[in-house]
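Listed here are the chains, written in short residue letters.
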Amino acid sequence: MAAPGQRGAALLRAVLGFWQLGPVAAREWATWFPSLLGCQRRCVSCVAGAAFSGPLLASASRRYGQNSALDRFLGLSQPDSVLNPRVPAVSMRRDEQELLLVHPPDMPENPRVLRVVLLGAPNAGKSTLSNQLLGRKVFPVSQKVHTTRCQALGVITEEEAQVILLDTPGLISPVKQKRHHLELSLLEDPWKSMESADLVVVLVDVSDKWTRNQLSPQVLQCLTQFSQVPSILVMNKVDCLKQKSVLLELTAALTEGVVNGKKLKIRQAFRSQAGIHCHSPAAKGPNTQSVGGPQRIGWPHFQEIFMLSALNQEDVKTLKQYLLAQARPGPWEFHSEVLTSQTPEEICANIIREKLLEHLPQEVPYNVQQKTIVWEEGPNGQLVIVQKLLVPKESHVRILIGPKGHLISQIADEVGRDLMNIFLCEVQLRLSVKLLS
């Protein structure tokens, strides 16, 4: 450890560096600033910049967010026109989160609001897109199907507009729900969400050559039943396509050659490999005629088409600005500091399930039951979590623990990092594996 005099000199040089380098470069310096104070701190990489997760710095960041007095003291603040919109953290305390959810919204004079439902087949990328739109990962993401088990809500608030995202489970048929013994919520939640929707975002995975050529029967049935709700088409994972000309064929099939009531004139002019926004032809209004039929493979009433990669921030920003622009005059439903309606415990359980799905083979992760034993704030402001993972077979215990306990340790480490990004505090997570009695 450096002597006090050496630390003071280093601190002085760092402060001078902030003034010389400016606020942007100062953010990079800030990642090692706590070590100059002789404190062991862990850093969390966030959308808006580096956020400290140690007890002292994290408490300020968690409470006041980016561009707080702490940021200004460190020289990290920027003019509002330059800053990306601040993304609120989620409180690690259930009571604080519940109070915030019922707190009267801090609306501007002319508030606008939009309720958006994301529809699509399982594993189309709905949760990934939702996380990117929100600016913070609050929904579980996995390569395996049925990661999202029930409806989850996210809130985007910028200036006068508030967009409420309803991230629904992938649409499935009643036959699949019974065959695989899936929760009834996977079957019902997407339909319930449509009842209050102002806009439907239909997500299609264009990298899946087996399903990309047509909308699923469940999606078409939902669009037909709620044809009065405006809808847009988002063609996701375009970065995975080697031949971009495929997008032209898919667009024609998925829209039946019609967008916003007009015949679609597709021009092969892509400005980049991703982030393509096809403006719809001008029309007086959305066609709300309810149509159906067994021969249908596309939907001719989409108002807009977006071609993007949900992992590309610039692509997602284009879609986000469109959604904010579509917000209609009306009162906000939530305070601007609300990011999601989930409780901290629900977020934790979902992130753990995500990692189980990623690391465990076949049906093993679907048979794991989670039980939270400890959820408390430590003496230095850290979040202490102890959770038991209960499995039905002895062989599953060995698989989950892994050789010399490496797998369960890796899962705990990955979950801890994700939770630090969500709660903006130090997280100490302990996972234990037990056999169901």
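Scroll up for the structure.
Cut-offs used in this document
- Residues numbered from 1 in each chain as written.
- Predicted model: local features only at pLDDT ≥ 70, side-chain atom pairs only at ≥ 80, totals over all residues.
- Heavy atoms only, no water.
- Pairing = 2+ DSSP bridges.
- Helix = DSSP H or I, 4+ residues; strand = E, 2+ residues; numbered from the N terminus.
- Axes fitted to C-alpha atoms, helices over the stretch in contact; angles between N-to-C directions.
- Contact = heavy atoms within 4.5 Å.
- Salt bridge = Lys/Arg side-chain N within 4 Å of Asp/Glu carboxyl O.
- Buried < 20%, exposed > 50% of the residue type's maximum accessible area, 1.4 Å probe, protein only.
- Parallel < 35°, antiparallel > 145°, perpendicular 65-115°, else oblique.
- Nonpolar A, V, L, I, M, F, W, Y, C, P; charged D, E, K, R; others polar.
- Phe/Tyr/Trp six-rings, centres within 6.5 Å; stacked < 30°, edge-to-face > 60°.
- Polar contact = N/O pair within 3.5 Å; in protein donor to acceptor, adjacent residues only side chain to side chain.
- Core = buried A, V, L, I, M, F, W, Y, C linked by side-chain atoms within 4.5 Å.
- Patch = residues over 30% accessible without salt bridge, like charges linked within 9 Å, V, L, I, M, F, W, Y side chains within 5 Å.
- Areas by Shrake-Rupley, 256 points an atom, 1.4 Å probe, with all protein chains shown as cover.
- Lys, Arg positive; Asp, Glu negative; His and termini not counted.
- Charge placed at Lys NZ, Arg CZ, Asp CG, Glu CD.

1. Side note on the sheet that holds strand E15 (residues 427-435)
Pairing is mixed across the open sheet formed by three strands, whose spatial order is E13-E14-E15. The open sheet terminates on both sides in strands that have one partner only, identified here as strand E13 (369-377) and E15. Along the sheet, successive strands turn relative to each other by an average axial angle of 15°, direction set aside. Where strand E14 (residues 383-391) and E15 come together, nine bridges link them in parallel fashion. Across the sheet, the residue bridging to Val384 is Gln428, located in E15. This element, helix H14 (residues 406-423), spans E13, E14 and E15 of the sheet and lies at about 140° to E15.

2. Description of the pattern of salt bridges
Within the structure shown, the criterion is met by 15 salt bridges. Close ionic contact of Glu158 with Lys320 constitutes a salt bridge, the shortest N to O distance being 2.8 Å. Of this pair, Glu158 sits in strand E4 (residues 152-158) while Lys320 sits in helix H11 (residues 313-326), placing them 162 residues apart in sequence. Both residues of the pair, Glu158 and Lys320, count as buried. When the shortest N-O distance is used, the salt bridge between Arg328 and Asp198 registers 3.6 Å. Residue Arg328 is found in strand E12 (residues 328-329), and its partner Asp198 is found in the loop between helix H8 (185-194) and strand E6 (199-205); the two are separated by 130 residues along the sequence. Counted as one network, the salt bridges with shared partners bring together Lys137, Glu354, Lys355 and Asp418.

3. Here we look at the packing of helix H13 (residues 394-401) against H14
Packing of H13 against H14 leaves a shortest axis separation of 5 Å and a crossing angle of 60°. If you check the angle between H13 and H14, you find them oblique. Here Ile399, Leu400 and Ile401 of H13 lie close against H14, whose contacting residues are His406, Leu407, Ile408 and Ile411. Residue composition of the contact of H13 with H14, by class: six nonpolar, one polar and no charged.

4. Description of the side chain of Glu158
Take Glu158: its relative accessible area is 15%, and that puts it in the buried class. Apart from the residues lying within four places of it in its own chain, the contact partners of Glu158 are Pro85, Lys320, Gln321 and Leu324.

5. Notes on the packing of aromatic side chains
All chains considered together, the criterion is met by two aromatic pairs. Geometrically, the ring pair formed by Trp375 and Phe423 is edge-to-face, given 6.3 Å between the ring centres and 85° between the ring planes. Remark: Phe423 occurs in helix H14 and Trp375 occurs in strand E13; sequence separation between them is 48 residues. Judged by relative accessible area, which is 0%, Phe423 ranks as buried.

6. Some words on helix H6 (residues 126-134)
Judged by how many residues are buried, H6 sits mostly within the fold: eight of nine residues are covered. Among the residues making up H6, those that are buried are Lys126, Ser127, Thr128, Leu129, Ser130, Asn131, Leu133 and Leu134. Considering only its buried residues, H6 is in contact with strand E3 (112-120), E4, strand E5 (161-167), E6, strand E7 (231-236) and H11. Where H6 ends, the next residue or the one after it, Gly135, has phi of about 90°, a positive value.

7. Side note on the pairing of E14
Taken across its nine residues, E14 has eight buried, putting it largely inside the fold. The hairpin formed by E13 and E14 contains five residues between the paired strands, and Gly381 there has a positive phi angle of roughly 90°.

8. Digging into the side chain of Gln342
Note on placement: Gln342 falls in the loop between E12 and helix H12 (344-359). Judged by its relative accessible area of 6%, Gln342 falls in the buried class. A distance of 3.0 Å separates polar atoms of two side chains, one belonging to Gln342 and the other to Asn350. Ignoring anything within four residues of it in the chain, the contact list for Gln342 reads Gln97, Val138, Phe139, Ala152, Ile347 and Asn350.

9. Overview of the nonpolar core
Core analysis: the largest hydrophobic core is formed by 60 residues, its most contacted members being Val116, Leu129, Val234, Leu323, Leu400 and Leu419. At nine residues, the largest contribution of residues to this core is made by H14. Leaving out residues up to four positions away in the same chain, Leu323 has contacts with Leu114, Val116, Leu133, Val163, Leu199 and Val201. Counting 36 residues, the second largest nonpolar core, distinct from the first, contains Val200, Leu220, Cys222 and Val338.

10. Some remarks on the environment of Val206
Note that Val206 resides in the loop between E6 and helix H9 (217-225). C-alpha of Val206 to C-alpha of Leu250: the two residues are 44 residues apart in sequence and 8.0 Å apart in space. When near neighbours in sequence (up to four residues on either side) are disregarded, Val206 contacts Arg212, Met235, Asn236, Lys237, Val238, Leu241, Leu247 and Leu250.

11. Regarding a positive patch on the surface
Among the surface-exposed residues, Lys371, Lys388, Arg430 and Lys434 lie close enough to one another that they form a single positively charged patch. If you trace the backbone, Lys388 turns up in strand E14. A residue is classified by how much of its surface remains accessible, and Lys388, at 30% relative accessible area, is partly exposed.

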